[in-house]
Amino acid sequence: MAGLTPETPSPEAITLHNKSRVLEVGFSDGKTFRIPFELMRVYSPSAEVQGHGPGQEVLQTGKREVAVLALEPVGNYAVQPTFSDGHESGIFSWDYLYFLGSKEAELWADYNARLQAAGVDRDAPMPEKSGHACGSHH
């Protein structure tokens, strides 16, 4: 189990709120987080977003309206959302969801700082991928 420690609380309830675009996760330690889909999408743990090493991250923009169309369980340690923009390679472990929920304010601040540093608007469309399409032609 990668990154799973016995101390990591496990989710007891997971609810998709499509109208408000949040994933509500109630953990066994009594904490409940409402994690915005946009935050999940921007901080997706997939290689497509994180790159293959430090400094390889791909800054995600235009995700404010993104929806989660489906949420598939992965073993008993993670979920894999399918986002409305076709992104579906991110596997969100319980400890990663806990991290997103508990650090939401810092993560938004970091995201905004990265947008400013790149001189990009949060709502700018993502540049079209050049070369090979990663299965995003539908």
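This one's a predicted model, so the numbers in the text were calculated from it and none came from an experiment.

Conventions adopted
Residues numbered from 1 in each chain as written. Predicted model: local features only at pLDDT ≥ 70, side-chain atom pairs only at ≥ 80, totals over all residues. Heavy atoms only, no water. Core = buried A, V, L, I, M, F, W, Y, C linked by side-chain atoms within 4.5 Å. Buried < 20%, exposed > 50% of the residue type's maximum accessible area, 1.4 Å probe, protein only. Helix = DSSP H or I, 4+ residues; strand = E, 2+ residues; numbered from the N terminus. Contact = heavy atoms within 4.5 Å. Phe/Tyr/Trp six-rings, centres within 6.5 Å; stacked < 30°, edge-to-face > 60°. Lys NZ or Arg CZ within 6 Å of the ring centre and 35° of its normal. Polar contact = N/O pair within 3.5 Å; in protein donor to acceptor, adjacent residues only side chain to side chain. Pairing = 2+ DSSP bridges. Axes fitted to C-alpha atoms, helices over the stretch in contact; angles between N-to-C directions. pLDDT = per-residue confidence, 0-100. Parallel < 35°, antiparallel > 145°, perpendicular 65-115°, else oblique. Nonpolar A, V, L, I, M, F, W, Y, C, P; charged D, E, K, R; others polar.

Next up on the list: the nonpolar core. In this structure, Ile35, Met40, Tyr43, Phe92, Leu97 and Leu100 are the most contacted members of the largest nonpolar core, which totals 24 residues. Those elements that provide at least two residues to this core are strand S2 (22-27), strand S3 (32-36), helix H1 (37-42), strand S5 (78-83), helix H3 (94-102) and helix H4 (104-118). For this core, the leading source of residues is H3, giving 5 residues. Dropping the residues within four chain positions of it, Leu100 is found in contact with Ile35, Leu39, Met40, Tyr43, Phe92 and Leu107.

Further remarks concern the packing of aromatic side chains. Where two aromatic rings form a pair, the distance of their centres and the angle of their planes describe that pair. Going through the model one piece at a time under the given rule, you end up with 6 aromatic pairs. Consider the rings of Trp108 and Tyr111, whose centres lie 6.2 Å apart with planes at 50 degrees: the pair is tilted. In this pair, Trp108 and Tyr111 both sit in helix H4, 3 residues apart, roughly one turn of the helix. Through a chain of ring-to-ring contacts, the aromatic side chains of Phe27, Phe33 and Tyr98 assemble into a single cluster. Lying over the aromatic face of Phe83, Arg41 brings its terminal NZ or CZ to 6.0 Å of the ring centre.

Turning our eyes to something else, we now look at the side chain of His87. In this fold, His87 is placed in the loop between S5 and strand S6 (92-93). The class for His87 is buried, based on a relative accessible area of 2%. There is a polar contact of 3.4 Å between the side chain of His87 and the side chain of Ser46. With near-sequence residues (within four places) excluded, His87 lies in contact with Arg41, Ser44, Ser46, Glu48, Val49, Pro81 and Thr82.

As a further point, take the sheet that holds S3. The 3 strands lie next to each other as S1-S2-S3, forming an open sheet whose pairing is antiparallel. Each having just a single partner strand, strand S1 (11-17) and S3 make up the two edges of the open sheet. Recorded for the sheet is a direction-independent mean angle of 15 degrees between the axes of neighbouring strands. In this sheet, S3 lies alongside S2 in antiparallel orientation, the contact comprising 5 bridges. Counterpart to Val25 in the pairing with S3 is Phe33. Across the sheet, H3 is in contact with S1, S2 and S3; its angle to S3 comes to roughly 85 degrees.

Here we come to the confidence of the model for the protein. Model confidence for the protein is summarised by a mean pLDDT of 89, while 88% of its residues fall at 70 or above. Considering only residues more than four positions removed or in separate chains, one finds that residues 131-138, a stretch of pLDDT under 50, has 1 contact.

Before going further, it helps to spend a moment on the sheet that holds strand S4 (residues 68-74). Taken together, the 3 strands give an open sheet; going across it, the order is S4-S5-S6, and neighbouring strands pair in antiparallel fashion. Since the sheet does not close on itself, it has two edges, and those belong to S4 and S6, each with one partner. Of the pairings in the sheet, the one linking S4 to S5 comprises 6 bridges and is antiparallel in character. Directly across from Val68, in S5, lies its bridge partner Phe83.

The next subject is the packing of H3 against H4. Across the interface, H3 lies against H4 with an axial gap of 5 Å and an inter-helix angle of 80 degrees. By the angle between their axes, H3 is roughly perpendicular relative to H4. Contact residues: H3 offers Phe99, Leu100, Gly101 and Ser102, while H4 offers Glu104, Glu106 and Leu107. Looking at side-chain class alone, the contact of H3 with H4 contains 3 nonpolar, 2 polar and 2 charged residues.

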